[in-house]
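Structural overview
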Amino acid sequence: MEPLLAVKIGCLVALLFITLVCGLIPAQVKWFQIKAAKGRHRRILSFIGCFAAGVFLGACLMHTAADALTDIQWELGKRLQQAAAGRNLTGTQNDSSRASACGAELDYPFAELVISLGFFLVFLTESLVLHCCHAAPPSHGAPGKDPACSAPSVPSVPHSHGVTVPNIPSVPHSHGVPGPGGPSPGSFRALVLFITLSLHSLFEGLAVGVQQGEAGALQLCLAVLAHKGVIAFSLGLQLVQSGTWPRWRLLYLGIFALMSPSGMAVGIGLSFSGGAAGGLAMALVEGVAAGTFLYITFLEILPHELSSREPPLAKFSFIALGFTVMATIAVWA
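1. Quick notes on the packing of helix H6 (residues 214-241) against helix H9 (residues 312-329)
Across the interface, H6 lies against H9 with an axial gap of 10 Å and an inter-helix angle of 160°. Here H6 lies roughly antiparallel to H9, going by the angle between them. Crossing of H6 over H9 shows left-handed handedness. Judged by residue contacts, Ala-223, Ala-226, His-227, Val-230 and Ile-231 of H6 engage Val-325, Met-326 and Ile-329 from H9. Within the contact of H6 with H9, the residues separate by chemical class into seven nonpolar, one polar and no charged.

Spelled out as structure tokens, the structure:
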């Protein structure tokens, strides 16, 4: 076996193992169940949640969005250069006017537009889910409301943290504990977060798999290992706190753990076949995933953690710590 192939296979196995272990710790250990926590235990879990929110913030800005911006601009620039070269060969280029037109096309923020489309895509999807949820026929819950929507629609109880309202179950401020009749909007957001991180993991594994040198593959893999370990732990914690059912948590984490190794396997095959490991389509998908990640991070995860009763400066410190971890990993990744 060639040394480069051996390094990549070792990285593949390590990625699978580390991701599974780090994701299953918060998902399976009962100590991380915040619904049953009280006092100091609940405060510690709140601070861990703030750290995870900082990790997602750093992953969103320093990794997912940054990679999408770079890849989309690179692919568009390459396509425009190829088009300009083709016009030169056919003799249809008209001096500097065509070159300036190409430059004007590239100056438009296409990458930012694609990321914004991803943001509005998940915004529209969640709005449709909530609309259909509220329009559903009455069930064995509050009259005229789907039980899955009962938690977000408790009247005049801001940040109730367990205050019981007549005829309505006690509702902690948790953004996603399932109602008696079905999954909550928080579970839907956890699903979107899982899909977004899985797509990003696939692209990361692909980047490792196409490396042509042993040192480059090993360095990038170590950075991805550190990145995936922290992200997997934070994802497992978010799945627990959003009220996702245990069997779905295991399924999500299993698929998430397989994404980077799958991308790496595809990259290894491309590196041996001499195929291109990028493409405009992949860059666009990565941009849409970055937009969905922006929505989940800024409109779900951060507001939820900031609404807790812990001291604001302590919450800021742990969020900043999580962001700093991801910003440091970005030096090598």
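2. Digging into the side chain of Thr-196
Checked against the element boundaries, Thr-196 lands in helix H5 (residues 185-209). Overall, the relative accessible area of 3% leaves Thr-196 in the buried class. Excluding residues within four positions of it along the chain, Thr-196 makes contact with Ala-289, Thr-292 and Phe-293.

3. Structural notes on the pattern of salt bridges
Considering all chains together, one arrives at two salt bridges under this definition. Across the pair Arg-43 and Glu-310 runs a salt bridge, and its minimum N-O distance is 3.4 Å. With Arg-43 in helix H2 (residues 39-90) and Glu-310 in the loop between helix H8 (280-306) and H9, this pair connects stretches of sequence that are 267 residues apart. According to the relative accessible area criterion, Arg-43 is partly exposed, its value standing at 46%. Linking Lys-78 and Glu-75 is a salt bridge whose minimum nitrogen-to-oxygen distance equals 3.6 Å. Taken together, the residues span about one helical turn, with Lys-78 and Glu-75 both in helix H2 at a distance of three residues.

4. Looking at the packing of aromatic side chains
Aromatic ring pairs are reported here in terms of the distance separating the ring centres and the angle at which the planes meet. If you walk through the whole model with that rule in mind, you get nine aromatic pairs. Ring centres of Phe-47 and Phe-318 lie 4.7 Å apart, and the angle between their planes is 5°; on these two criteria the pair is classed as stacked. Residue Phe-47 is found in helix H2, and its partner Phe-318 is found in helix H9; the two are separated by 271 residues along the sequence. Among the aromatic residues, those joined into a ring-pair cluster are Phe-119, Phe-120, Phe-123 and Tyr-295. For the cation-ring pair, Lys-228 lies above Phe-256, with the distance from its terminal atom to the ring centre recorded as 4.7 Å.

5. Here's the deal with a nonpolar patch on the surface
Where nonpolar side chains cluster on the molecular surface, the patch consists of Phe-17, Val-21, Ile-25, Val-29, Trp-31 and Ile-44 and spans about 500 Å² of accessible area. With three residues, the single largest contributor to the nonpolar patch is helix H1 (residues 3-28). Note that Val-21 resides in helix H1.

6. Focus: H8
Its 27 residues give H8 an end-to-end C-alpha distance of 37 Å, which sits within 8% of 39 Å, the value for a rise of 1.5 Å per residue. Along H8, the largest kink reaches about 35° and is centred on Thr-297.

Calculation criteria
- Residues numbered from 1 in each chain as written.
- Predicted model: local features only at pLDDT ≥ 70, side-chain atom pairs only at ≥ 80, totals over all residues.
- Heavy atoms only, no water.
- Axes fitted to C-alpha atoms, helices over the stretch in contact; angles between N-to-C directions.
- Helix = DSSP H or I, 4+ residues; strand = E, 2+ residues; numbered from the N terminus.
- Parallel < 35°, antiparallel > 145°, perpendicular 65-115°, else oblique.
- Left-handed = near helix turned anticlockwise from the far one by under 90°.
- Contact = heavy atoms within 4.5 Å.
- Nonpolar A, V, L, I, M, F, W, Y, C, P; charged D, E, K, R; others polar.
- Buried < 20%, exposed > 50% of the residue type's maximum accessible area, 1.4 Å probe, protein only.
- Salt bridge = Lys/Arg side-chain N within 4 Å of Asp/Glu carboxyl O.
- Phe/Tyr/Trp six-rings, centres within 6.5 Å; stacked < 30°, edge-to-face > 60°.
- Lys NZ or Arg CZ within 6 Å of the ring centre and 35° of its normal.
- Patch = residues over 30% accessible without salt bridge, like charges linked within 9 Å, V, L, I, M, F, W, Y side chains within 5 Å.
- Areas by Shrake-Rupley, 256 points an atom, 1.4 Å probe, with all protein chains shown as cover.
- Expected span 1.5 Å × (residues − 1).
- Bend = angle between axes of the 7 residues up to and from the residue.

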